[in-house]
Amino acid sequence: MIEITGFTALYIFMLSAVAGYEVISRVPVILHTPLMSGSNFIHGIVVIGAMIALGHAETPMEQLIGFIAVLLGAGNAVGGYVVTERMLEMFKSSKNDG
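Residues numbered from 1 in each chain as written. Predicted model: local features only at pLDDT ≥ 70, side-chain atom pairs only at ≥ 80, totals over all residues. Heavy atoms only, no water.

Draft legend 1. Representation of the UniProt feature "transmembrane region" (unreviewed entry) in the protein chain within the structure. The positions UniProt marks with the feature "transmembrane region" (unreviewed entry) are residues 36-57 and 64-83. Structurally, residues 64-83 comprises 100% helix and 0% strand, and the distance from its first C-alpha atom to its last is 28 Å. (UniProt positions renumbered as here; feature names shortened; annotations may be inferred. Helix = DSSP H or I, 4+ residues; strand = E, 2+ residues; numbered from the N terminus.)

Draft legend 2. Structural detail: the environment of Met51. Along the chain, Met51 falls in helix H2 (residues 32-56). Assessed through its relative accessible area of 44%, Met51 is described here as partly exposed. Taking the C-alpha atoms as reference points, Met51 and Gly73, separated by 22 residues in sequence, lie 9.7 Å from one another. (Buried < 20%, exposed > 50% of the residue type's maximum accessible area, 1.4 Å probe, protein only.)

Draft legend 3. A look at the pattern of salt bridges. Per the counting criterion, the structure on display carries 1 salt bridge. The partner of Glu22 in a salt bridge is Arg26, and the shortest N-O contact between them spans 2.5 Å. In this structure Arg26 comes out as exposed when scored by relative accessible area, which is 61%. (Salt bridge = Lys/Arg side-chain N within 4 Å of Asp/Glu carboxyl O.)

Draft legend 4. View of helix H3 (residues 60-90). A rise of 1.5 Å per residue sets the reference length of H3, with its 31 residues, at 45 Å; its end C-alpha atoms lie 45 Å apart and thus fit the reference within 8%. Burial in H3 covers these residues: Gly66, Val70, Gly73, Ala77, Gly80 and Thr84. (Expected span 1.5 Å × (residues − 1).)

Draft legend 5. Focus on the confidence of the model for the protein chain. Per-residue pLDDT for the protein chain has a mean of 81; in total, 85% of the residues score no lower than 70. Within the protein chain, the element-level pLDDT minimum falls on H2, averaging 79, and the maximum on helix H1 (residues 6-25), averaging 86. (pLDDT = per-residue confidence, 0-100.)

Structure (structure tokens):
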């Protein structure tokens, strides 16, 4: 099993943040709603990964960081679904049925 040191983990995190920013900044506005719906699936995977990391945590500091990761990941997933729902409501017809 490969052991990741703190600097390697920090480097991977920084690289993924820059790559994510570059990818998202180049998406046209018209595609944000469908992509947001798909990204909610990825947020669910992040929550599962955070729960696995929390399950393997040994020290109280690792447990605290894992717990915060689960909370933030779950909040991000729920918030993504709420925002997607609100955005989709904007595209519905406002005709009255009566």
